[in-house]
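Structural overview
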Amino acid sequence: MIEIKNLSFSYGTKCILKNLNLKLDTSKISILMGANGSGKSTFLKVLHFLEGDFHQNISYFKKNILSREEKRWLYLLFAEACVLNRSVENNLKFIQKTYQIKGDLRGFLNEIYTLLEFDKNLLKKYPGELSSGQRQKVAFAMAMAARVRYYLLDEPSAFLDKNTSFLIKNAILHLKKSLNCGFLIASHDKEFLDSLAEVKLYLSDGMILEFENTNIFELNHQILHFENSIKFDKKADKIALNPYKISLFSGQKYCIKNAKIIALRTRQNDVFIRIISGGKILEFALKSENFKKANLNLYQNLNLGFNEDALCFL
Ligand SMILES: Nc1ncnc2c1ncn2[C@@H]1O[C@H](COP(=O)(O)OP(=O)(O)OP(=O)(O)O)[C@@H](O)[C@H]1O
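Going by the annotation in an unreviewed UniProt entry, the name recorded for the chain is ABC transporter ATP-binding protein, with Campylobacter vulpis given as the source organism.

1. Looking at the sheet that holds strand S5 (residues 74-77)
Strand order in this open sheet of six strands is S5-S6-S7-S3-S8-S9, and the pairing throughout is mixed. Only two strands of the sheet have a single neighbouring strand rather than two, namely S5 and strand S9 (207-210). Averaged over all pairs of adjacent strands, the angle between strand axes in this sheet comes to 20°, irrespective of strand direction. Across five bridges, the pairing between strand S6 (residues 150-154) and strand S7 (residues 182-186) is parallel. Bridge pairing in S7 links Leu-152 to Leu-184.

2. Focus on the site of the ligand
All residues in the neighbourhood of the ligand are listed as Tyr-11, Ile-16, Gly-34, Asn-36, Gly-37, Ser-38, Gly-39, Lys-40, Ser-41 and Thr-42. By residue number, the principal contributor to the shell around the ligand is helix H1 (residues 40-47), which donates three residues.

3. Here's the deal with the environment of Tyr-150
On the secondary structure map, Tyr-150 appears in strand S6. For Tyr-150, a count of 21 C-beta atoms within 10 Å corresponds to the buried category. Separated by 71 residues in the primary sequence, Tyr-150 and Ala-79 have C-alpha atoms spaced 17 Å apart. Discounting residues that sit within four places of it in the chain, Tyr-150 has contacts with Ile-2, Thr-26, Trp-73, Leu-74, Cys-181 and Gly-182.

4. As for unusual backbone geometry
Phi angles above zero are rare outside glycine, and Lys-62 is one such case at about 70°. Tracing the chain through its elements places Lys-62 in the loop between strand S4 (58-60) and S5.

5. Topic: the domain arrangement of the chain
Entries for the chain in the domain assignment read domain 1 (2-207) and domain 2 (215-313). Its C-alpha centre places domain 1 at a distance of 33 Å from the equivalent point of domain 2. The dominant element in the side of domain 1 that touches domain 2, judged by the number of residues it contributes, is strand S8 (residues 199-204), at three residues. For the side of domain 1 that touches domain 2, the class distribution of residues is one nonpolar, one polar and two charged.

6. Let's talk about the packing of helix H5 (residues 132-146) against helix H6 (residues 162-179)
Closest axis-to-axis distance for the H5/H6 pair is 11 Å, and the angle between their directions is 5°. Between H5 and H6, the crossing angle belongs to the class labelled roughly parallel. Along the contact surface, H5 presents Gly-133, Lys-137, Phe-140 and Met-144, while H6 presents Thr-164, Ile-168, Ala-171 and Leu-175. When grouped by side-chain class, the residues that make up the contact of H5 with H6 number five nonpolar, two polar and one charged.

Procedures and definitions
Residues numbered from 1 in each chain as written. Predicted model: local features only at pLDDT ≥ 70, side-chain atom pairs only at ≥ 80, totals over all residues. Pairing = 2+ DSSP bridges. Helix = DSSP H or I, 4+ residues; strand = E, 2+ residues; numbered from the N terminus. Axes fitted to C-alpha atoms, helices over the stretch in contact; angles between N-to-C directions. Near = placed C-beta within 6 Å. Buried ≥ 20, exposed ≤ 12 C-beta atoms within 10 Å, placed from the backbone. Contact = placed C-beta atoms within 7 Å. Domains from an automatic or database assignment. Nonpolar A, V, L, I, M, F, W, Y, C, P; charged D, E, K, R; others polar. Parallel < 35°, antiparallel > 145°, perpendicular 65-115°, else oblique.

Put into C-alpha cells, the structure is as follows:
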C-alpha cells in the first residue's frame, strides 16, 4: 500500500496537487486519467522522489523513510523513453545490475524478449538507431527487467502501434501475475486503459477522485441516458461525473430524476451515496452535516443536480 496524506505540490505559484489523501493498492492496476496539464506526470514524479521531499506525507509499504535500495521498490517509466547510449542488450543488463536482480538473468531476459517479440537485430542496436516506437518498447523492457514491487508508467502506449500496444498490455498482466506487483498508469489511451483498469483515478483541479468504475459513462450522440436523458454540448465518447460536484437537485443545469439510493458509506467527512437510475450506477458525496440535514435513507428516491464543473469529457 502507498498511503498519501495531506499532500500538496506547486510549481511556483501554480498549485498542481491540493491536499491529496489517497491510498494506492500496490497489488492492483490503477489508471490515472485527467486532462492535459492536470498534473499526472507531476504526481508520478512526486511518488518517485523526483519532486520535493514528502516523507511526512507519503508512506510506501508502511515506511516513510526509504533507503536508496528501498526506493528501488518503485520504477518510473517516463513518457519520453530514457535509454542509455549503449546497445539495447547492454541497457537491459545495466538495469538488472542496478536493481540487483539475482537468479536466472538470461532466463528473465529471454522471457522479456519473447513477451515483447524482440528480434535479435534489435538487441545490438544503439538508441540512435531506434524509432520512437522501438525506443518506447525498449524502455518498457528495461522497466520489466527491473522486477520491482510497484510500477509508475507515464503514457506507456504513446508512439506505439496497435500490435505493440497489445504486447505491452499483455506484458503488464504477465508481470502483475508473476511478480505480484502493481501499477499506476497515467494515460489518455482509452482503449489501452479500459482493458487494464482495476481502479480508476481521475486528477482534476489538483484533486484525485476515485471512481471505482462508477461515474464514468458512455455517451450516445452526446446523450447520457439515466431514467431521463441528458444532452451535453460537447462531443466525446465518455464522460466522468465528479462525485463531489453532484448534489441534491436545486435548479442546477442538469438533473437526474428519480434516482434510488442503493448504498451508503462514510469516508472521512463525507458520506458517499450510491444511486441507480435507468440501470446506471452513480456515486456522489455529501458532507456529513449536509447528509444529516437532508435526512436520506436507503432505497429512497431523489433528484440530483449538477453543473458544467462536474463534467469531464474523456
Ligand atoms: N518542471 C516544471 N516547472 C514548472 N511547471 C511545470 C513543470 N513541469 C510541469 N509543469 C506544469 O505543471 C502542470 C502539470 O504538468 P504535468 O506534465 O504533470 O501534466 P499532465 O497531466 O501529465 O499533462 P499531459 O497529459 O499533457 O502529459 C502543467 O501546467 C505544466 O506546465
